[in-house]
Amino acid sequence: HEAEPLKVMIAGAPASGKGTQCELISKKYGLTHIATGDLLRAEVAAGTEYGKKAKEYMDQGKLVPDEVVVTMVTQKLAQSHAKKKGWLLDGYPRSLSQAEALQALGIKPSIFILLEVPEDILIDRVVGRRIDPITGKIYHLTYSPPKTPEIASRLIQRSDDTVDRAKLRLQMHAKNMEPVLSVYKDFIKKVDGDADKDAVFAEIIKILEDPEIFLPGVNAVV
Ligand code: AP5
């Protein structure tokens with residue numbers, strides 16, 4: 001009897017720490033990390049048709065149309081590593097129509113992690129966030145500073161990481177996520193994201209290794 005792979009969805013407001021936790025989770029459990037924000041930024045950087053279309057929306061803090069994101073995600077989920085070893089969906093689904101597109105394909109998570117962080121802290125995280133364009137690693141000038149001057153000198157800021165745009169993204173998030181949370185209500189585990197990143201990760205490990213949830217290699221029942 002083939003073990004069912006772990007399938008994780010992670011959600012939370014902008015800058016709640018999804019990307020930071022996904023880096024740790026995918027490394028520990030070998031899951032395919034699918035982050036729609038990262039996929040879209042890669043399309044924008046490459047100047048593709050998808051990228052040109054996406055940029056207009058991203059700069060306004062709005063959701064990119066489904067015709068761009070749904071195909072992107074579905075293709076990634078269909079790849080054999082994701083199917084066999086499991087996946088980690090970061091920032092998707094982010095609207096009712098995206099959740100319905102997954103349901104139509106029979107795709108559901110083993111667990112849905114919801115990171116909770118107060119709004120004033122989110123703004124502080126957005127403003128100090130920096131990205132390493134070479135490794136894609138996420139830093140924060142105060143909470144997670146780069147370790148070498150070489151890395152520090154090449155860090156960039158995301159174009160949507162201003163206070164005004166972050167506030168717009170927060171409003172959009174609240175409005176769009178409500179119906180998504182009701183679709184996944186039976187799978188949701190809330191995690192306090194207002195703690196240091198290792199403490200948040202420790203909470204997530206506890207949830208993923210809960211014997212109630214099937215995790216191959218850790219608590220496999222054959
Ligand atoms: P996306 O890139 O997904 O942005 P987001 O949801 O706004 O989330 P962020 O990436 O801002 O934050 P995060 O939760 O990953 O936090 P991070 O770990 O970086 O999407 C961008 C845009 O793309 C959207 O606005 C939309 O236009 C489009 N898009 C994406 N998905 C879409 C979809 N499904 N449909 C349609 N459009 C879509 O952490 C933030 C900062 O805090 C960092 O500096 C980090 O170092 C720091 N930090 C993290 N954890 C901690 C901690 N515990 N303590 C202190 N600091 C911390």
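Everything below is about the structure printed above this text.
Residues numbered from 1 in each chain as written. Predicted model: local features only at pLDDT ≥ 70, side-chain atom pairs only at ≥ 80, totals over all residues. Heavy atoms only, no water.

Student: Account for the pattern of salt bridges, naming residues and giving values.
Tutor: If the charged atoms of two oppositely charged side chains come close together, the side chains can form a pair. If you walk through the whole model with that rule in mind, you get 13 salt bridges. For Asp132, the salt bridge is made with Arg154, and the minimal N-O distance between the two is 2.7 Å. Of this pair, Asp132 sits in the loop between strand S5 (129-131) and strand S6 (138-140) while Arg154 sits in helix H8 (residues 149-154); the two residues are 22 residues apart in sequence, bridging distant segments of the chain. Among the ionic pairs, Arg154 bridges to Glu150, the shortest N-O distance being 3.9 Å. Taken together, the residues Arg154 and Glu150, both in helix H8 and four residues apart, mark about one turn of the helix. Here Arg154 falls in the partly exposed class, since its relative accessible area comes to 24%. A relative accessible area of 57% means that Glu150 is categorised as exposed. Via salt bridges that share partners, Arg129, Arg158, Asp160, Asp161 and Arg169 belong to a single interconnected network. (Salt bridge = Lys/Arg side-chain N within 4 Å of Asp/Glu carboxyl O. Helix = DSSP H or I, 4+ residues; strand = E, 2+ residues; numbered from the N terminus. Buried < 20%, exposed > 50% of the residue type's maximum accessible area, 1.4 Å probe, protein only.)

Student: Describe in detail the packing of aromatic side chains, supporting the description with residues and values.
Tutor: Tallying each qualifying case throughout the model produces one aromatic pair. Measuring from ring centre to ring centre gives 5.3 Å for Phe112 and Tyr184, while their planes differ by 20°; the resulting arrangement is stacked. In this pair, Phe112 sits in strand S4 (residues 111-116) while Tyr184 sits in the loop between helix H9 (163-183) and strand S7 (188-192), placing the two residues 72 residues apart along the sequence. Taking relative accessible area as the criterion, Tyr184 reaches 2% and is therefore assigned buried. (Phe/Tyr/Trp six-rings, centres within 6.5 Å; stacked < 30°, edge-to-face > 60°.)

Student: Provide a residue-level description of the sheet that holds strand S2 (residues 32-35), including the pertinent values.
Tutor: Pairing is parallel across the open sheet formed by five strands, whose spatial order is S2-S3-S1-S4-S7. Two strands close off the open sheet at either side, each with one partner strand: S2 and S7. Taken over all neighbouring pairs, the strand axes of this sheet differ in orientation by 20° on average, direction set aside. As defined by bridge partners, strand S1 (residues 7-12) adjoins strand S3 (residues 87-90) across four bridges and the pair is classed as parallel. If you follow Val8 over to S3, its bridge partner there is Leu88. (Pairing = 2+ DSSP bridges. Axes fitted to C-alpha atoms, helices over the stretch in contact; angles between N-to-C directions.)

Student: So what's going on with the site of the ligand? Which residues, and what values?
Tutor: Taken together, 35 residues form the shell around the ligand, and within it Thr20, Lys62, Arg94, Arg129 and Arg169 come nearest. For the ligand, an oxygen atom lies 2.8 Å from a polar atom in the backbone of Gly19. In the model, a nitrogen atom of the ligand is placed 3.4 Å from a nitrogen or oxygen of the Arg125 side chain. For the ligand, whose unbound accessible area comes to 1000 Å², protein coverage reaches 95%. Taken together, the elements giving at least two residues each to the shell around the ligand come down to helix H1 (18-29), helix H2 (36-46) and S6. With four residues, the single largest contributor to the shell around the ligand is H2. When the residues that make up the shell around the ligand are grouped by side-chain class, the tally is 13 nonpolar, eleven polar and eleven charged. (Near = heavy atom within 4 Å. Polar contact = N/O pair within 3.5 Å; in protein donor to acceptor, adjacent residues only side chain to side chain. Areas by Shrake-Rupley, 256 points an atom, 1.4 Å probe, with all protein chains shown as cover. Nonpolar A, V, L, I, M, F, W, Y, C, P; charged D, E, K, R; others polar.)

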